[in-house]
Number of protein chains: 2
Amino acid sequence: MKYNPHSRILIYAEGEFGRGHSKTAEGMIRYGKNPIVAVVDSTREEKNVAEVLGIGAHIPFVRSISEALTLEPNALLIGVAPRGGGLPPAWRKDLLFALEHGMDIINGLHFMMEEDPEFAQAARRHNRIICDVRRSPDHLPVGAALAAGVPAQIVLTVGSDCVVGKKTTVIELERLANQQGRKAIYIPTGQTGIMIAGFGIAIDRVIGDFMSGAAEKLILENAPGHDLILVEGQGSLLHPGYSGVTLSLIHGSMPSHMILCHQPTRKYIRDSKILIPPLKEIAALYEAVTLPIKKAKVIGISLNCFDLTDEQALKEIEKIEALTGLPTTDCVKFGAQKLLDAINWAR
Amino acid sequence: MKYNPHSRILIYAEGEFGRGHSKTAEGMIRYGKNPIVAVVDSTREEKNVAEVLGIGAHIPFVRSISEALTLEPNALLIGVAPRGGGLPPAWRKDLLFALEHGMDIINGLHFMMEEDPEFAQAARRHNRIICDVRRSPDHLPVGAALAAGVPAQIVLTVGSDCVVGKKTTVIELERLANQQGRKAIYIPTGQTGIMIAGFGIAIDRVIGDFMSGAAEKLILENAPGHDLILVEGQGSLLHPGYSGVTLSLIHGSMPSHMILCHQPTRKYIRDSKILIPPLKEIAALYEAVTLPIKKAKVIGISLNCFDLTDEQALKEIEKIEALTGLPTTDCVKFGAQKLLDAINWAR
C-alpha cells in the first residue's frame, strides 16, 4: 500500500477526536508527513487541535467536510477506528461527498471501501483513489526466514500487551537514530503506521499462512540502504486473540534485538482476566520463541506512562531497571536516547 | 463448512495418487466416512487402491471421470494439493465435466472455486454445490480465551515441524477413545481433516486477527456432550512460515494437555536450514507459550516412523522415551493405546 505523501489531508474524526477511538488521527497529526488542513469533528468546542493534544495549533477543527473545502484538501483520512472495524452507516454520505469534491479516501477500517459498489463507482466517476490501507497485497509468500540474511541491525518492538506503545517507540527511535547519523528506517505493520509512513502491510489482516511472509517481504524490500531497521510490533505473545500475529511478525522480521513495551499501570491483558506476568518472564518468553538460526535478545524496556506524572514515571523506570537490569525509559516523556544507546551498544 | 456425509465420492488425483502430493486422497480413503466409488488417476497401472496403500481393495482406479459415471458418484473430491494451492489449468475441463454430470465439488485448494464465474455458473445451472473447504466463515470473533472455561479435557497435537502426523494422531486417538467409552470428538483444523470429518475450519486460511477466535469457536460449538476434545494441530512453533497459525491454535483451543508429534528421521525444519532442537527443548517451548490462565503440559510423544522398519521404529521409541521420560509410540504402526493411557492418566 502506497499513497501520495504530498496529499493535503483532511482528517475525519466525527464525534471522536481525542476521546479514545481516534488513535489514527492523533498518530497522523503527531508523526505523519502529509500536510493536514483540518480535522472534522462537529462536537469539538475548541478552535484547533493544539487545544486538545498540545500540538497542531495550525490545524483547525471544522464542523463538516463541506466547511473544509476552502482549505483545498485532496484526501480524506478516516481517523476513527470504531469497535469491530466496520463502517458506521452515518458516515456513508460524508465519504461520498468527499469523493465528489476531489478527495481520495485513506481508509484503515477492516471494511474494504473498494469492494463496496457505491463507493467504487463514485471513485471511478470522480477519478479519485480509495486507499484501503488494511488490504493485503496479492501473492504473498510463505515466510522462509529469509530476513535472517539481511546485514542491517533489525530491532522489533514487542509488548506485554497490545496498545502499549510499540509503534510510538519505533517512530521515536527512527527519528533520533537518523538525526544521529544512522541510516534507520521505520517499518509499519499496522494501519495507523501505514498511514503515517505511506507504505507497509497490516499484518493482522493477512491470511494466517502468509503473515510471516508479509513481514519478511517488508524487511527484504526496505533493507537496502539502511543499517538499522526498526520494525513496529503487533499484539502480544500473551494476548489470546493476537498472539499468532505477534509470533508471525517475530519469525518474519527476524530481529537481532527486541525492545519490550509495557504500560506500568496495566495489570491484566486487555479485555481479559489474564494477569500480566513479571517483565523479566515476558522478556525470557520472547527470547525463547526466536528461532535457533537467529536468536534475539530483549535489550531495553519502553514504558508508556501517559497516565502517570513525570515523577511517578521516573519512579517506575527506576523500579523496572532494578528488577530487569535493562535500560528503561518512556520515549514520549523523556525521549528515546536511552534505548537508542542500548541499540547502538548491542550492534 | 459442512458437506453431505452420505455423498458417494469420486476422488480426483490425476497423475499424483500415492506420489507425495495426494495426502488428501489418502487421508480420505484411510479415515473418511463417505463411500468412495473410485479414484481418478490415468497414470496408475494398478487395478485398485489396495495395491498402492494396502487398504481400499474395493476402490478401483479409473482413467477419467467419464469412466466412473456408471458407479454413480455424486461428489468429486479434489485429492491432490499442488504446490501453492492454485488450480492447474488442465483440471478446469474435468471439474466442469463433473459439475455437468451431477457431482458436487469438494475443494481444499487455496483457489476458491465459488469465486470463479465459470465454475459458479456451472454449479448454478446444474444445481450442484461447490464446497470450498478452506473458505473461512464470516464474522469470526477475536479469540478471548473462552475455551479455558470448557469442562472437557482438551488435547492438542503439536509438532516439531509440519507434516509429522498431528492429524493422524488425533484421529487414531479419537477412534480408540470412543471404542473404550470416552465421549471423544476430533476437531479438524485443516482442509484434509475437514473433508474427513465433514466439518471444521482451515485455520491457516483465516485472517490473522481472527485465527484464534476461529479455533475457540470450534471448541465452544463442539464441546457439549464430549469429555475428550482432540484438536488437530497445525504447523510448528519452529516453522518460520506457519508458527503464527500454530500459536493461534494453542491460544484459541486452550488445551489442558499436548501430544508432541515428530518424525525421527527428519533433521531440519521443512524447506529450511533450521536444525530441529532436541524434543525436550521443543516440549518446554510449547509449555512456555501456553497462557498463565491455563498452562498445558506435553504428556506424550507421537512418532511418525513411516520411513523406518518396525524394528528401527521400536528402537527410536525406546531412545526417545529414555531421553524425554514421556510415553512414546507410532500410532499407525503400533496403535494409539499408549498415548490414550497417558491422556486418561493425566485427566
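Residues numbered from 1 in each chain as written. Chains lettered and ligands numbered in written order. Predicted model: local features only at pLDDT ≥ 70, side-chain atom pairs only at ≥ 80, totals over all residues. Heavy atoms only, no water.

Section: the nonpolar core
Here's step 1: Membership of the largest hydrophobic core comes to 238 residues, with the highest contact counts inside it found for L10(A), I229(A), L10(B) and I229(B).
Here's step 2: What L10(B) contacts, discounting residues up to four positions off in sequence, is V37(B), A38(B), V39(B), V40(B), V62(B), I65(B), A68(B), P73(B), A75(B), L76(B), L77(B) and M103(B). (Core = buried A, V, L, I, M, F, W, Y, C linked by side-chain atoms within 4.5 Å. Buried < 20%, exposed > 50% of the residue type's maximum accessible area, 1.4 Å probe, protein only. Contact = heavy atoms within 4.5 Å.)

Some remarks on the side chain of D132(A)
Here's step 1: Of note, D132(A) is situated in strand β6 (residues 130-132).
Here's step 2: Polar contacts involving the side chain of D132(A) include one to the main-chain amide nitrogen of M113(A), which spans 3.1 Å. (Helix = DSSP H or I, 4+ residues; strand = E, 2+ residues; numbered from the N terminus. Polar contact = N/O pair within 3.5 Å; in protein donor to acceptor, adjacent residues only side chain to side chain.)

Re the domain arrangement of chain A
All names here are of chain A.
Here's step 1: Entries for chain A in the domain assignment read domain 1 (9-132) and domain 2 (146-346).
Here's step 2: Counting residues at the interface gives 16 residues for domain 1, matched by 14 residues for domain 2.
Here's step 3: Buried surface at the junction of domain 1 and domain 2, summed over both partners, amounts to about 1300 Å²; 58% is from carbon and sulfur atoms.
Here's step 4: Joining domain 1 to domain 2, the criterion identifies 0 salt bridges.
Here's step 5: At the junction of domain 1 and domain 2, the tally comes to 4 residue pairs in polar contact (both at pLDDT 80 or more).
Here's step 6: When residues of the side of domain 1 that touches domain 2 are traced back to their parent elements, those giving at least two are α1 (23-31), β4 (75-78) and β5 (104-107).
Here's step 7: With 6 residues, the top contributor of residues to the side of domain 1 that touches domain 2 is α1.
Here's step 8: Its residues placed into classes, the side of domain 1 that touches domain 2 shows 6 nonpolar, 6 polar and 4 charged. (Domains from an automatic or database assignment. Buried area = accessible area lost by both parts, 1.4 Å probe. Salt bridge = Lys/Arg side-chain N within 4 Å of Asp/Glu carboxyl O. Nonpolar A, V, L, I, M, F, W, Y, C, P; charged D, E, K, R; others polar.)

Description of the sheet that holds strand β2 (residues 36-40) of chain B
Residues and elements named next belong to chain B.
Here's step 1: Read from one edge of the open sheet, 6 strands run β3-β2-β1-β4-β5-β6, paired in parallel fashion. Edge strands, defined here as strands with exactly one partner in the open sheet, are β3 (61-62) and β6 (130-132).
Here's step 2: Relative to β2, strand β1 (residues 9-12) runs parallel, the two being bridged by 4 bridges. Paired with I9 across the bridge in β2 is I36.
Here's step 3: Sheet strands in contact with helix α1 (residues 23-31) are β1, β2 and β4 (75-78), and its direction is about 150° off that of β1. (Pairing = 2+ DSSP bridges. Axes fitted to C-alpha atoms, helices over the stretch in contact; angles between N-to-C directions.)

With respect to the side chain of T329(A)
All names here are of chain A.
Here's step 1: Note on placement: T329 falls in strand β12 (residues 328-329).
Here's step 2: For T329, a relative accessible area of 5% corresponds to the buried category.
Here's step 3: Apart from the residues within four sequence positions on either side, T329 is in contact with I301, S302, L303, I317, F334, G335, K338 and L339.

Quick look at the interface of chain A and chain B
Here's step 1: Taken together, the contact between chain A and chain B spans 37 residues of the former and 37 residues of the latter.
Here's step 2: Where chain A abuts chain B, roughly 2700 Å² becomes buried across the two surfaces, and 65% of that area is made up of carbon and sulfur atoms.
Here's step 3: On the chain A side of the interface with chain B, the three residues burying the most area are I207(A), D209(A) and P240(A), jointly 19% of the side's total.
Here's step 4: Between chain A and chain B we count 0 salt bridges in total.
Here's step 5: Breaking the side of chain A that touches chain B down by element, the ones donating at least two residues are α7 (211-222), α8 (243-253) and α9 (279-289) of chain A.
Here's step 6: If you tally residues by element for the side of chain A that touches chain B, the top one is α8(A), at 6 residues.
Here's step 7: For the side of chain A that touches chain B, the per-class residue count stands at 22 nonpolar, 10 polar and 5 charged.

So, the relation of the copies chain A and chain B
Here's step 1: Turning chain A through 180° and shifting it by 0.0 Å along the axis lays it on chain B, with an RMSD of 0.1 Å. With respect to symmetry, the two chain copies, as superposed, fit the operation of a two-fold axis.
Here's step 2: Same-surface contact between copies: 100% of interface residues of chain A are shared with the interface of chain B. (Least-squares fit on C-alpha atoms with pLDDT ≥ 70 in both.)

Re the sheet that holds β12(A)
Hydrogen bonds between backbone groups are what pair the strands of a sheet, and the pairing can be parallel or antiparallel.
Residue and element names in this part refer to chain A.
Here's step 1: Read from one edge of the open sheet, 6 strands run β8-β9-β7-β10-β11-β12, paired in parallel fashion. Of all the strands in the sheet, just β8 (184-187) and β12 have a single pairing partner and so form its edges.
Here's step 2: Strand direction decides the pairing type here: strand β11 (residues 297-303) and β12, joined by 2 bridges, are parallel. Across the sheet, residue I301 finds its bridge partner in β12, namely T328.
Here's step 3: Its contacts with the sheet put α7 on β7 (153-159), β8 and β9 (228-231), and the angle it makes with β8 is roughly 155°.
Here's step 4: Those strands touched by α8 are β7 and β9, and its axis lies near 170° from that of β7.

With respect to the pairing of β8(A)
Residue and element names in this part refer to chain A.
Here's step 1: Residues of β8 alternate between two faces, with A184 and Y186 on one and I185 and I187 on the opposite face, all of them buried.
Here's step 2: Sheet topology places β8 next to β9; 4 bridges connect them, and they run parallel. For I185, the partnering residue across the bridge sits in β9 and is I229.

Structural notes on unusual backbone geometry
Residue and element names in this part refer to chain A.
Here's step 1: The phi torsion at H139 lies on the positive side, around 55°, for a residue other than glycine.
Here's step 2: On the basis of relative accessibility, which here comes to 80%, the residue H139 falls in the exposed class.
Here's step 3: The backbone of V163 shows a phi angle near 50°, a positive value even though the residue is not glycine.
Here's step 4: Locating V163 in the fold gives a position in the loop between β7 and α5 (166-179).

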